[in-house]
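Structural description and commentary
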Amino acid sequence: MAEQADLYKYFEPTVQLNTLALSNIHTLTSWGVGTAAGILGLTGWNGFIFFLINWVVISGLVFFVKCKGKPSVYFKSGFMDIAGSTVMNTLLSYVLVWTLMHALVYVYD
């Protein structure tokens with residue numbers, strides 16, 4: 001009986017909307033963080049550490065502010081959806097914007 005209750009625990013369109021909103025938050029913040037990293041002139045591992053620190057901060061803010069500490073109410077996998085659902089896509093966007101901004105700002109160095 002518990003398995004049947006889990007089937008109806010989530011309304012799928014709402015879960016998809018929450019996942020889309022989370023993906024948008026991570027993508028837009030990766031663009032901002034990538035811009036900041038490029039303007040600050042971060043290179044190599046410093047840029048990746050900057051990304052990881054900001055990823056933890058943004059995931060924490062989503063966890064505590066948007067989900068009010070209860071992500072399993074909004075997502076099927078709970079915290080794993082917040083922390084790890086779009087890491088690679090976000091990292092690729094971050095690297096793209098980071099290198100673009102670094103190249104634009106430090107073109108004559």
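Everything discussed here concerns the structure shown above.
First things first, this report covers the structure right here in the doc. (Residues numbered from 1 in each chain as written. Predicted model: local features only at pLDDT ≥ 70, side-chain atom pairs only at ≥ 80, totals over all residues. Heavy atoms only, no water.)

Regarding its fold elements, the protein chain presents five helices and zero strands. Ordering the α and β elements of the protein chain from the N terminus gives α-α-α-α-α. Rg of the C-alpha trace for the protein chain: 17 Å, well past the compact-globule value of 13 Å for 109 residues, more than 25% over. Seen through its principal axes, the protein chain has C-alpha atoms that stretch 65 × 20 × 20 Å. Put simply, 75% of the contacts in the protein chain that link residues at least 6 apart link residues at least 24 apart. (Helix = DSSP H or I, 4+ residues; strand = E, 2+ residues; numbered from the N terminus. Rg over C-alpha atoms; globule rule 2.2 N^0.38 Å. Contact = heavy atoms within 4.5 Å.)

This part is about the environment of Ala36. For Ala36, the position within the fold is in helix α2 (residues 12-40). Judged by relative accessible area, which is 30%, Ala36 ranks as partly exposed. Along the sequence, Ala36 and Tyr108 sit 72 residues apart, while their C-alpha atoms lie 19 Å from each other. (Buried < 20%, exposed > 50% of the residue type's maximum accessible area, 1.4 Å probe, protein only.)

Here we come to the side chain of His26. By secondary structure assignment, the location of His26 is in helix α2. One polar contact links the side chain of His26 to the main-chain carbonyl oxygen of Ile82, over a distance of 3.2 Å. (Polar contact = N/O pair within 3.5 Å; in protein donor to acceptor, adjacent residues only side chain to side chain.)

Bringing the environment of Lys76 into the picture now. You can see Lys76 is positioned in the loop between α3 (45-66) and α4 (79-84). Setting aside residues no more than four positions away along its own chain, Lys76 makes contact with Tyr10, Glu12, Val15 and Asp81. Polar side-chain contacts of Lys76 include one of 2.6 Å to the side chain of Glu12.

Residues spaced three or four apart along an α-helix point in a common direction, a consequence of the helix completing one turn every 3.6 residues. Spanning 19 residues, helix α5 (residues 87-105) covers 26 Å between terminal C-alpha atoms, matching the ideal 27 Å at 1.5 Å per step. Buried within α5 are the following residues: Thr90, Leu91, Ser93, Tyr94, Val97 and Trp98. One side of α5 carries all its buried residues, which in axial view fall inside an arc of 160°. Opposite the buried face of α5, at more than 90 degrees from it, the exposed residues are Met88, Asn89, Leu92 and Leu96. Considering only its buried residues, α5 is in contact with α2 and α3. (Expected span 1.5 Å × (residues − 1). Arc of directions from axis to C-beta.)

Before going further, it helps to examine the packing of aromatic side chains. This structure, assessed with the given rule, holds seven aromatic pairs. Seen from their ring centres, Trp45 and Phe48 are 6.0 Å apart, and the 55° between their planes marks the pair as tilted. Taken together, the residues Trp45 and Phe48, both in helix α3 and three residues apart, mark about one turn of the helix. In this structure Trp45 comes out as exposed when scored by relative accessible area, which is 69%. Here Phe51 and Tyr94 contribute two aromatic rings whose centre-to-centre distance is 4.9 Å and whose plane-to-plane angle is 40°, an arrangement assigned as tilted. Within this pair, whereas Phe51 is found in helix α3, its partner Tyr94 is found in helix α5, the two being separated by 43 residues in sequence. The exposure classification of Phe51 matches that of Tyr94, with both residues buried. Following the ring pairs from residue to residue traces out a cluster consisting of Trp45, Phe48, Phe51, Trp55, Tyr94 and Trp98. (Phe/Tyr/Trp six-rings, centres within 6.5 Å; stacked < 30°, edge-to-face > 60°.)

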